[in-house]
Amino acid sequence: MDGSWSDALARARAEAPFLAGALGRQPELADLLARGAGEAALAFAREAGEGAPTLEVALRRERMALATTLAVGDLAGAFPLALVMTELSAFADRALERAIAEAIARRTGERTSRGMIALALGKHGAIELNYSSDIDPILLYDPARLARRERDEPGEAAQRYARELVRMLSENTEDGYVFRVDLRLRPASEVSPLAISTEAALTHYESSALAWERAAFIRARAAAGDVAAGEAFLRQIQPFVWRSSLDFGAIDEIRQLTARIRSNYRGPVEPGPGYNLKHGRGGIREIEFFAQTHQLIHGGRDPSLRLRGTRAALDALAAAGHIADDDARMLGESYDRLRVTEHRLQMVHDRQTHSLPEGGALESVARLDGFKDGTALIAGLREITEGVARAYDRLIPDAATRASVGVSAPQMAERLTTLGIDDPETIAGRIAGWRDGRYRSLRSSAALAAFDAMLPALVDALAGVNEPEAAMLRFEALLASTSSAINLFRLLEARPALFGQLLAILTLAPALAEELGRRPELLDTLIDHSALDLPGSVEALAARMTGIGTAPDYEYLLDRIRLVTGELRFALGLQLIEGVHDPLDIAAALSRAAEAALAVAHRATDEEFARRHGRIAGSELVVLGLGRLGGGALTHASDLDLIYLFTGESSAESDGARPLGGTLYYNRLAQRVSAALSVPTAQGALYDVDTRLRPQGAQGPLAVTCASFAKYQREAAWTWEHMALTRARVLVGSAPVREELGLIIAEVLGQDRDAATLRADVLKMRGEIAQHKPPGGMLDAKLLRGGLVDLEFLVHYLQLRDHVGLDADLGAAIDALARAGLIARELRAAHDLMTRLLVSARLLAPDLALPPQAAALALARACKQESPDALMHEFAWARHMVAGVWGQVFGEALEME
């Protein structure tokens, strides 16, 4: 006999009456265990119910054999905790599945689970079921699909099945029981039937669910019955469980639940006889709540945190930077240790107990758990629970340590004086006045409590800005523009370091401040540890916009594109005003975000359109990006210049239920793609789409064949259209089509041209722009003479004349022209400076006048200059550099202001 197995059997027989009896009743199983044949014993246990006269007897025999095997294997150290919990949870799934099918068969004669759903919650849902646990399923049914007698109403049939299921599993017979079944987690359990229709359940979770139900559904799983229908239901209630914004309100919800549990708990505060391993301070429940609270806060934004298992959730939270690695490790190890001790308690008499016993019973549990005696067990548990309690208390401070401050104006003025703020009485009075009901966002008691808790950090932050009064005015505008700011206040209370970034946004960037007023949850993006990193590739951004799995519907996906793009643009705006990254890199990142949005919008729209109209074989929609999008350098105010093309013949027809001819098909599809990018949804607007660069402009069809496009460009396009084509890139299209269009564009741009005619066309067009689009202010890097428009015209003229530097990236084109000796190398520095100014001014100086001091300094630093004066000096240099080369190339001086 293997020593560890023999020792386990000896301890089981000596210390656990339930196990001693079970081993005596199952001699064949006891023999397998005595020989250390753990896997064979598990296989035996799973088949222990075969040949039983009824399902009830079969499940009880299997449960007895499985409980015996897992307990002895656990005591022998052969079966780790994860295996024990997995086996117990899998048996619960099997038991529910067989009981549902049996209940239906006994009524209808049909062995099926169609239309009847069992959702597992709690430890069962997390696949962490304990040794002698209840199960807490929610039973749902789909009235349209439920298997039933013809004369039975769906609701009546579902209740009959539910009652029979509970009886089959819970009834204590001479063979024991299978599981105690607790259905009290169902919606409105005090008044609702045992089984709820899916429609009624959806209505409940969308309108009247309680806070604790959100936490419960973190671990929900479709465990048995009509599993596909159960999974579909869980997808439908995802917005209820996972809020799209950071949800620091979850802390209050968990705090209240903790307070109720602690107030109802009557046992010892620390481990000793009577201490409850589950509900006691520093116990199992606090570790679970610690993980679930962070999941509720961050899981709506980070799908990687939507895990059911407690240890898996802790590890994911640490990997995402939301909790410390040491906390995750300590809590995870503590969780495992407490769960093992819990199992020892329960295997003694097969009872669902969590409390440490007294006297000899405690000694028995200690010896089962591998300790010398009860004193050693309690000492070990005290060390574990103290560490857990400290971590939990940091997350969920009690009411005494978190009383609402309700700071008075005199107290606030005193604090402002201490911080060295001028005119503290005036500022304190204005802040105190915010609470008088003038702002809708501060009219509820919950909002005022959250505001008061956040206020001290706001006062301290005001002292750190150059213009506290201006910052305060902007904060007032934020309060006035949002209908609800509770979550914003809670976020700022929980992360006071965010105040610096918030005040920078409010004082430096009006456009970002306005956007934040419309969507306060945008500040959530700054919690992410990678918020100040440049976003990744187009493919990575597209995956983020798509989300995990399959989007529920087309409208959801359009909302998600806007949500993610808005967050990206906001984060990039903050990176710009704080000088974290070069505006050139910000411009490239904005372009990648737009390309990703286009890719996802096209893919979703194409699939949606094909469902009704089918597809055209051997044909596809192609999208060209031009202008700043084509050049890969957008600003926060850029629109998207697009040209739609399609491959194949215009006379072809789609194969769907409502077929369309090729031209109509792709023109409608192109309209839908443009709408997907531009029409406001519940998440707001996205981009303005400009398609006027297409063949024949606004007078021509929205989409034409690639062959028609090539013919037009070769034979009928104006010079300005070829200039635009120098910055064209294929953004949507298969690899062969991209290659084909690349060759067409290269051929068109490589045409021989009359230099004098080209020069005259370019100068005429630039003159018309100057006449009809005057510069908007002293910082207009685009339209001031010598600015970016003049530089672009100069580059495009040389590209078309000399066929050099045909690159959509204007900076790369300038480098190529300089290497060919056609322009001065210094033009690249002029281009970079003015592009930085263009990108930065869109946020820091939107009216193109020199902004106030703090914003002007931020603008200068973004442009890599030490001061606003230095920026203006370099801007003048750059414009004169362009003017000088313009004169050399065109033989004509620019009229500089």
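Conventions and cut-offs
Residues numbered from 1 in each chain as written. Predicted model: local features only at pLDDT ≥ 70, side-chain atom pairs only at ≥ 80, totals over all residues. Heavy atoms only, no water. Pairing = 2+ DSSP bridges. Helix = DSSP H or I, 4+ residues; strand = E, 2+ residues; numbered from the N terminus. Axes fitted to C-alpha atoms, helices over the stretch in contact; angles between N-to-C directions. Contact = heavy atoms within 4.5 Å. 1 Å grid on protein atoms, 1.4 Å probe; cavity = no way out; pocket = protein on both sides within 12 Å on 5 of 7 lines; lining within 4 Å. Points joined across faces, edges and corners; volume = space filled by probe spheres on them. Nonpolar A, V, L, I, M, F, W, Y, C, P; charged D, E, K, R; others polar. Left-handed = near helix turned anticlockwise from the far one by under 90°. Phe/Tyr/Trp six-rings, centres within 6.5 Å; stacked < 30°, edge-to-face > 60°. Buried < 20%, exposed > 50% of the residue type's maximum accessible area, 1.4 Å probe, protein only. Polar contact = N/O pair within 3.5 Å; in protein donor to acceptor, adjacent residues only side chain to side chain. Salt bridge = Lys/Arg side-chain N within 4 Å of Asp/Glu carboxyl O. Core = buried A, V, L, I, M, F, W, Y, C linked by side-chain atoms within 4.5 Å. Parallel < 35°, antiparallel > 145°, perpendicular 65-115°, else oblique.

Asks: Could you give an account of the sheet that holds strand β2 (residues 138-141), naming the residues involved and the relevant values?
Replies: Across the sheet, which stays open at both edges, the four strands sit in the order β3-β2-β1-β4 with mixed pairing between neighbours. The open sheet terminates on both sides in strands that have one partner only, identified here as β3 (195-197) and β4 (221-225). Strand-to-strand twist in this sheet, taken as the mean axis angle between neighbours without regard to direction, amounts to 35°. Across three bridges, the pairing between β2 and β3 is parallel. Along β3, the bridge assignment pairs L140 with I196. Where helix α6 (residues 81-108) meets the sheet, its contacts fall on β1 (116-120) and β4, and the angle it forms with β4 comes to roughly 40°.

Asks: Can you lay out the layout of surface pockets for me, pointing to particular residues and giving the numbers?
Replies: Estimates place the volume of the second largest pocket at around 1,500 Å³. Taken together, 37 residues make up the lining of the second largest pocket; nearest its centre are L693, I769, K773, K782 and F793. When residues of the lining of the second largest pocket are traced back to their parent elements, those giving at least two are α29 (627-630), α32 (719-725), α34 (755-772), α35 (788-802) and α37 (826-844). Looking at the lining of the second largest pocket element by element, the count peaks at six residues for α34. For the lining of the second largest pocket, a count of residues per class yields 16 nonpolar, seven polar and 14 charged.

Asks: Tell me about the packing of helix α24 (residues 498-508) against helix α25 (residues 510-518), and name the residues and values.
Replies: Across the interface, α24 lies against α25 with an axial gap of 6 Å and an inter-helix angle of 115°. Along this stretch, α24 crosses α25, giving a crossing that reads as left-handed. In this structure, α24 contributes L502, I505, L506 and L508 to the contact, and α25 contributes P510, L512, A513 and L516. Partitioning the contact of α24 with α25 into residue classes produces eight nonpolar, no polar and no charged.

Asks: Mind laying out the packing of aromatic side chains, listing which residues take part and the relevant values?
Replies: Across all of its chains, the model carries 13 aromatic pairs by this definition. Taking the centre distance of 4.9 Å and the plane angle of 75° together, the rings of Y205 and F217 count as edge-to-face. In this pair, Y205 is assigned in helix α9 (residues 198-207) and F217 in helix α10 (residues 211-217), connecting sequence segments 12 residues apart. Each member of the pair Y205 and F217 is classed as buried.

Asks: Could you give an account of helix α38 (residues 853-862), naming the residues involved and the relevant values?
Replies: By the burial criterion, the buried members of α38 are A855, A856, A858, L859, A860 and A862. Those residues of α38 hidden inside the fold are in contact with α24, α27 (554-577), α28 (583-613), α37 and α39 (868-890). K864 occupies a position one or two residues after α38 and carries a positive phi of about 65°.

Asks: Tell me about helix α36 (residues 810-819), residues and numbers included.
Replies: Across the 10 residues of α36, seven count as buried, placing the element largely inside the fold. Considered for burial, the residues of α36 that qualify are L810, G811, A813, I814, A816, L817 and A818. Contacts made by the buried residues of α36 are with α35 and α37. The N-cap residue of α36 is D809: its side-chain oxygen and the backbone nitrogen of G811 are 2.9 Å apart. Among the residues trailing α36, G821 stands out with phi positive, at a value near 80°.

Asks: Describe unusual backbone geometry, with residues and values.
Replies: In the Ramachandran plot, A188 falls in the positive-phi region, its phi being about 45° despite a non-glycine side chain. With respect to the helices, strands and loops of the structure, A188 is situated in the loop between α8 (154-170) and β3. Residue A188 is classed as partly exposed on the basis of its relative accessible area of 31%. One non-glycine residue, D350, adopts positive backbone phi at about 55°. You can see D350 is positioned in the loop between α16 (325-349) and α17 (359-368). The class for D350 is buried, based on a relative accessible area of 10%.

Asks: So what about the pattern of salt bridges? Which residues, and what values?
Replies: According to the stated counting rule, one finds 52 salt bridges in the structure shown. The salt bridge involving R367 is made with E15; its shortest N-O contact spans 2.7 Å. A residue pair is termed long-range when its members are at least 10 positions apart, and R367 in helix α17 and E15 in helix α1 (residues 3-15) qualify at 352 residues. Among the residues examined, E15 registers a relative accessible area of 12% and is labelled buried. Between E156 and R160 there is a salt bridge, with the nearest N and O atoms lying 3.6 Å from each other. Of the two residues, E156 and R160 both sit in helix α8, four residues apart, roughly one turn of that helix. Taking the relative accessible area as the measure of exposure, E156 reaches 39% and is therefore partly exposed.

Asks: Talk me through the nonpolar core; I want residue IDs and the actual numbers.
Replies: Judged by nonpolar contacts, the single largest core of 169 residues is most densely connected at W434, F475 and L741. At 13 residues, α28 tops the list of elements feeding residues into this core. When sequence neighbours within four positions are dropped, the list of residues in contact with L741 reads V622, L624, L645, C706, F709 and V730. Counting 100 residues, the second-largest nonpolar core is a separate cluster that includes L32, F179, L314 and L331.

Asks: Talk me through the packing of helix α2 (residues 17-25) against helix α5 (residues 55-75); I want residue IDs and the actual numbers.
Replies: Where α2 contacts α5, the two axes come as close as 10 Å, and the packing angle between them is 120°. The angle between α2 and α5 places the two elements in the oblique class. Regarding α2 and α5, the two cross each other, and that crossing is left-handed. From α2, F18, L19, A22, L23 and R25 reach across to α5, where they touch R63, M64, A67, T68, A71 and L75. Classifying every residue of the contact of α2 with α5 by side-chain character gives eight nonpolar, one polar and two charged.

Asks: Break down the pairing of strand β5 (residues 621-626) for me, with residues and values.
Replies: Buried residues dominate β5, accounting for six of its six residues. Residues L621, V623 and G625 point to one face of β5 and V622, L624 and L626 to the other, with burial holding for every one of them. Sheet topology places β5 next to strand β6 (residues 640-646); six bridges connect them, and they run antiparallel. Along β6, the bridge assignment pairs L621 with F646.

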